[in-house]
Amino acid sequence: MSEAPDRPIYFLGVDGGGTGCRARIEDHSGTVLGQGLSGPATTRLGIEEAWASIARAFSAAIEESGFADGEIARTHVGIGLAGIGRKGALEALKAIPHRFAGIEFVSDGMGACLGAHSGKDGAIVIAGTGSIGLGFVDGHDLRVGGYGFPISDDGSGAELGLKAVQAALRAHDGRQECTALLAEIMQRFQNDPMEAVAWMDRSSATDYAALAPMVMRHADQGDAAARRIVQGAAEHIDTLVRALFDKGAPRVSLLGGLASPLEPWLSPDVRRRLKPADGDAVSGAIILARKSQPAS
């Protein structure tokens, strides 16, 4: 490793996700100097709102680090941002003026992948509100799934919720056996299918995913309907992991809010091949910032 330069340089990593934004500043040796948090940062909210959230997070990190203008000007920034693939988003973000040495952007998923494998080739499957497989091998990006709920995002929290509501309506009609899970789902709708229809009309993937913990709880308690739903989700995650290996990924990590609950349900061959993540998405953003530093 090269020696630290006479005038210290710094690295700021930002993970801008749909539920919150985190920032961290490190020095050349990896010592954490400051951290910050803010609310959702996704281009779905608009470029100005996404950048405002990112700025709140990195401003808090800068304040904690005690940086003045000189240090800020020697700080390289990496930002992983949800929704960066939207048309025109990257160009709009790059046009925003800033005081840093430079800023590099990637998707929040690619930031998480960089962190999971310490910047080396590899892939991740994210199982959360949505689901997707992402990675990079020999300079090529990999992607499987993740095209959005309800047409994709198989094995996600949103799909668990959707399948539970569908099964609850079938049970209400007498088309399948009513279990404790399905009864609890229908109780949320006052046992009235039209209440479920009204809820559907205004619900997002996040609303469906809010039912996932209930589905997992009932599955763990042996509920037959819940177990079928969770097993189906696990089989979808299995296919995402296997597809990434088939595409050449040397290692795959499972991330996201459903990663731990779903892992015991995965096929034994998939569980054996999964690798624990080295670091988080902020670590990945810092790796991006370090890679962007011009060679001396």
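**Q** Could you give me a rundown of the sheet that holds strand S7 (residues 131-137), with the residues and numbers involved?
**A** Here four strands make up an open sheet; going across it, the order is S8-S7-S6-S9 and the pairing mixed. Both outer strands of the open sheet, strand S8 (140-144) and strand S9 (252-255), are each paired with one neighbouring strand and no more. Each neighbouring strand pair of the sheet contributes to a mean axis angle of 15°, computed without reference to strand direction. Judged from the four bridges that link them, strand S6 (residues 122-127) and S9 form a sheet pairing that is parallel. Across the sheet, residue Ile 126 finds its bridge partner in S9, namely Leu 255.

**Q** Report on the state of the cysteines, specifying residues and quantitative values.
**A** Across all of its chains, the model carries zero disulfides by this definition. No disulfide involves Cys 21; its sulfur sits 20 Å from the nearest other cysteine sulfur, which is in Cys 113.

**Q** Help me get a handle on the side chain of Ser 152, residues and values and all.
**A** Summarising the element assignment, Ser 152 is placed in the loop between S8 and helix H5 (157-173). For Ser 152, a relative accessible area of 7% corresponds to the buried category. Filtering out sequence-adjacent residues up to four positions away, Ser 152 remains in contact with Gly 145, Gly 146 and Tyr 147.

**Q** Please provide a residue-by-residue account of a nonpolar patch on the surface, values included.
**A** Nonpolar side chains collect at one region of the surface, where Met 194, Val 197 and Met 200 lie side by side and expose about 280 Å² of accessible area between them. Relative to the helices and strands, Met 194 is located in helix H7 (residues 193-202). The exposure class assigned to Met 194 is exposed, which follows from its relative accessible area of 56%.

**Q** How would you sum up the sheet that holds strand S3 (residues 32-38)? Please name residues and give values.
**A** Strand order across the open sheet formed by five strands is S3-S2-S1-S4-S5, with mixed pairing between neighbours. Each having just a single partner strand, S3 and strand S5 (102-107) make up the two edges of the open sheet. The mean angle between the axes of side-by-side strands here comes to 15°, regardless of whether they run parallel or antiparallel. Taken together, the seven bridges between strand S1 (residues 10-16) and strand S4 (residues 75-81) define a ladder with parallel strand orientation. Residue pairing in the sheet places Tyr 10 in a bridge with Thr 75 of S4. Its contacts with the sheet put helix H4 (residues 108-116) on S1, S4 and S5, and the angle it makes with S5 is roughly 100°. Packed onto the sheet, helix H13 (residues 281-292) meets S1, strand S2 (21-27), S4 and S5 and runs at close to 135° relative to S1.

**Q** Describe in detail the packing of H5 against helix H6 (residues 180-188), supporting the description with residues and values.
**A** Two elements in contact, H5 and H6, have axes separated by 9 Å at closest approach and are oriented at 95°. Overall, the two elements H5 and H6 adopt an arrangement that is roughly perpendicular. Side by side, H5 and H6 meet where Ala 164, Val 165, Ala 167, Ala 168, Leu 169, Ala 171 and His 172 of the first sit next to Leu 181, Leu 182, Ile 185 and Met 186 of the second. Tallied by class, the residues present in the contact of H5 with H6 amount to 10 nonpolar, one polar and no charged.

**Q** Any details on the packing of aromatic side chains? Residues and values, ideally.
**A** A full pass over the atoms with the stated rule returns six aromatic pairs. On the basis of an interplanar angle of 65° and a centroid distance of 5.8 Å, the ring pair of Trp 51 and Phe 58 is categorised as edge-to-face. Considered together, Trp 51 and Phe 58 belong to a single accessibility category, that of buried residues. Arranged with centres 5.1 Å apart and planes meeting at 85°, the rings of Phe 58 and Phe 100 form a pair that is edge-to-face. With Phe 58 in helix H1 (residues 47-65) and Phe 100 in the loop between helix H3 (89-94) and S5, the pair connects residues that are 42 residues apart, well separated along the chain. According to the relative accessible area criterion, Phe 58 is buried, its value standing at 10%.

Basis of the calculations
- Residues numbered from 1 in each chain as written.
- Predicted model: local features only at pLDDT ≥ 70, side-chain atom pairs only at ≥ 80, totals over all residues.
- Heavy atoms only, no water.
- Pairing = 2+ DSSP bridges.
- Helix = DSSP H or I, 4+ residues; strand = E, 2+ residues; numbered from the N terminus.
- Axes fitted to C-alpha atoms, helices over the stretch in contact; angles between N-to-C directions.
- Disulfide = S-S within 2.5 Å.
- Buried < 20%, exposed > 50% of the residue type's maximum accessible area, 1.4 Å probe, protein only.
- Contact = heavy atoms within 4.5 Å.
- Patch = residues over 30% accessible without salt bridge, like charges linked within 9 Å, V, L, I, M, F, W, Y side chains within 5 Å.
- Areas by Shrake-Rupley, 256 points an atom, 1.4 Å probe, with all protein chains shown as cover.
- Salt bridge = Lys/Arg side-chain N within 4 Å of Asp/Glu carboxyl O.
- Parallel < 35°, antiparallel > 145°, perpendicular 65-115°, else oblique.
- Nonpolar A, V, L, I, M, F, W, Y, C, P; charged D, E, K, R; others polar.
- Phe/Tyr/Trp six-rings, centres within 6.5 Å; stacked < 30°, edge-to-face > 60°.

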